[in-house]
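Results of the structural survey
So the chains spell out like this:
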Amino acid sequence: MRILTNLAFSKHILTLKRPWFRFKKNSLKISSNLNSSNQKQSDPENIIYTVPNALTLSRIACVPFINYFMFTDQHELACSLFLIAGITDFVDGYIARNFKNQKSYLGSIIDPLADKLLIGSLTITLVANSMIPLPLAILILGRDFSLILYSVYVRYKLIEKPISLKKFLNLKQSRVKVEADFISKVNTFFQISLIAATMPSQVFFYEDSYFLTILQFVTGLTTIMSSASYALKKGSYKRKILDHR
């Protein structure tokens, strides 16, 4: 009789434990789903709302105001906004490089786009204000415009057939990365330096200084060298995933 009682009690305990095991299994399944969901959300392809992207968009928003203030001879305001844009450029790059969840494919596109918009538009404005020579502006704008056109052409060639606008704009399709060499980085540095040095030149009365003349010459020379480097190096464009900033 005691044996039968013990067997019945054991069976009752196992019956009570069964839902607990079922709950444990389900909880593990839920945990696995949450982990996969978090992994998907941390995927750079799915990230849009990041601090670097917000800073980059604010820099793009500053571009028309900087150009307007320069064109209307409000150089102090233009220089102040330009300084703020430079600070946001440094900060968003630092955050994107040092915080993994702040990297995004969108940021890898709009960050250089913001820089090109700022430099290109200010080059046009400074020419209109007779603050830099027209041939130099043609060199700077021509180089950047040629790079943009060629990158569009390479992307068109790499996209799977049949080609559609949706595929062309899809970031998951073959991505084109420009491999900047040393001379191109030097040229970018001189272009930014020229813009930054020319903008306040009429405020501090050094627009006719030898310093700006030499800076213009060096910028033009490195622009020509950079253009030649991109033209001669076929490996400048690679079919690979874009670096996140």
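For the structure itself, consult the block above.
Residues numbered from 1 in each chain as written. Predicted model: local features only at pLDDT ≥ 70, side-chain atom pairs only at ≥ 80, totals over all residues. Heavy atoms only, no water.

Notes on the overall build of the protein
Cut-off, in case you're wondering: Secondary structure counts use DSSP, requiring at least four H or I residues in a row for a helix and at least two E residues in a row for a strand, with both numbered from the N terminus. Per-residue accessibility, obtained with a 1.4 Å probe over protein chains only, is compared with the maximum for each type, and a residue is labelled buried under 20%, exposed over 50%, and partly exposed between these values. Each accessible area is a Shrake-Rupley result for a 1.4 Å probe, and residues are judged covered by the shown protein chains and nothing else.
Helix and strand content of the protein: eight helices and two strands. Looking at the protein residue by residue over its 245 residues, the buried ones come to 33%. Here the protein has roughly 16100 Å² of accessible surface; of this, 68% comes from carbon and sulfur atoms.

Concerning the nonpolar core
Which entries qualify depends on this criterion: Residue types Ala, Val, Leu, Ile, Met, Phe, Trp, Tyr and Cys, when buried and joined through side-chain atoms within 4.5 Å, form a set referred to as a nonpolar core. The contact rule is simple, with two residues in contact once any of their heavy atoms fall within 4.5 Å.
One finds Ile66, Met70, Phe82, Leu118, Leu122 and Met199 to be the most contacted residues of the largest nonpolar core, which totals 17 residues. The biggest single contributor to this core is helix H2 (residues 51-71), with five residues. With residues near it in sequence (within four places) discarded, Leu122 still touches Ile66, Asn67, Met70, Phe82, Ile195 and Met199. In this structure, Leu136, Ile140, Ala197 and Leu212 belong to the second largest nonpolar core, which totals six residues.

Some remarks on the side chain of Gln102
Worth spelling out the cut-off: A 3.5 Å cut-off defines polar contacts: any pair of N or O atoms within that distance qualifies, except that in protein one atom must be a possible hydrogen donor and the other a possible acceptor, and neighbouring residues in sequence count only when both atoms are side-chain atoms.
Positionally, Gln102 belongs in the loop between helix H3 (75-98) and helix H4 (105-128). On the accessibility criterion, Gln102 (15% relative accessible area) is buried. A polar side-chain atom of Gln102 sits 2.8 Å from the main-chain amide nitrogen of Val51. Non-local contacts of Gln102, meaning those with residues more than four positions away in its chain, are made with Thr50, Val51, Pro52, Ile95 and Ala96.

Quick look at unusual backbone geometry
Although it is not a glycine, Asp73 adopts a positive phi angle of roughly 60°. Structurally, the position occupied by Asp73 is in the loop between H2 and H3. At Ser130, a position not held by glycine, the phi torsion is positive, near 55°. Position of Ser130 relative to the elements: it lies in the loop between H4 and helix H5 (134-158).

Here we look at the packing of aromatic side chains
Operational definition: Pairing of aromatic rings covers Phe, Tyr and Trp, the last through its six-membered ring, and needs centres within 6.5 Å; plane angles under 30 degrees mean stacked, over 60 mean edge-to-face, and all others mean tilted.
Applying the stated criterion across every chain, the model contains two aromatic pairs. Relative to Phe190, the ring of Phe189 has its centre 5.5 Å away and its plane inclined at 70°; by these criteria the two rings are edge-to-face. Take Phe190: its relative accessible area is 22%, and that puts it in the partly exposed class.

As for the packing of helix H7 (residues 182-198) against helix H8 (residues 210-232)
Test applied: In this analysis an axis means a line fitted to C-alpha atoms, helices contributing only their contacting stretch, and an angle means the value between N-to-C directions, from 0 to 180 degrees. Geometric relationships in this document are graded by angle, where less than 35 degrees denotes roughly parallel, more than 145 denotes roughly antiparallel, 65 to 115 denotes roughly perpendicular, and other angles denote oblique. Here is the rule for handedness: rotate from the far helix to the near one, and if that takes an anticlockwise turn smaller than a right angle the crossing is left-handed, while a clockwise turn gives right-handed. Residues are grouped as follows: Ala, Val, Leu, Ile, Met, Phe, Trp, Tyr, Cys and Pro are nonpolar; Asp, Glu, Lys and Arg are charged; all remaining types, including Gly, are polar.
The contact between H7 and H8 brings their axes to 8 Å, and the two run at 150°. In terms of their interaxial angle, H7 and H8 are classed as roughly antiparallel. Of the two possible hands of crossing, H7 and H8 adopt the one that is left-handed. Every residue of H8 that contacts H7 at Ile183, Ser184, Val186, Asn187, Phe190, Gln191, Ser193, Leu194, Ala197 and Thr198 is listed here: Phe211, Leu212, Leu215, Gln216, Val218, Thr219, Thr222, Thr223, Met225, Ser226, Ser229 and Tyr230. Here the residues of the contact of H7 with H8 sort into 11 nonpolar, 11 polar and no charged.

Read these as geometric descriptors, not functional statements.
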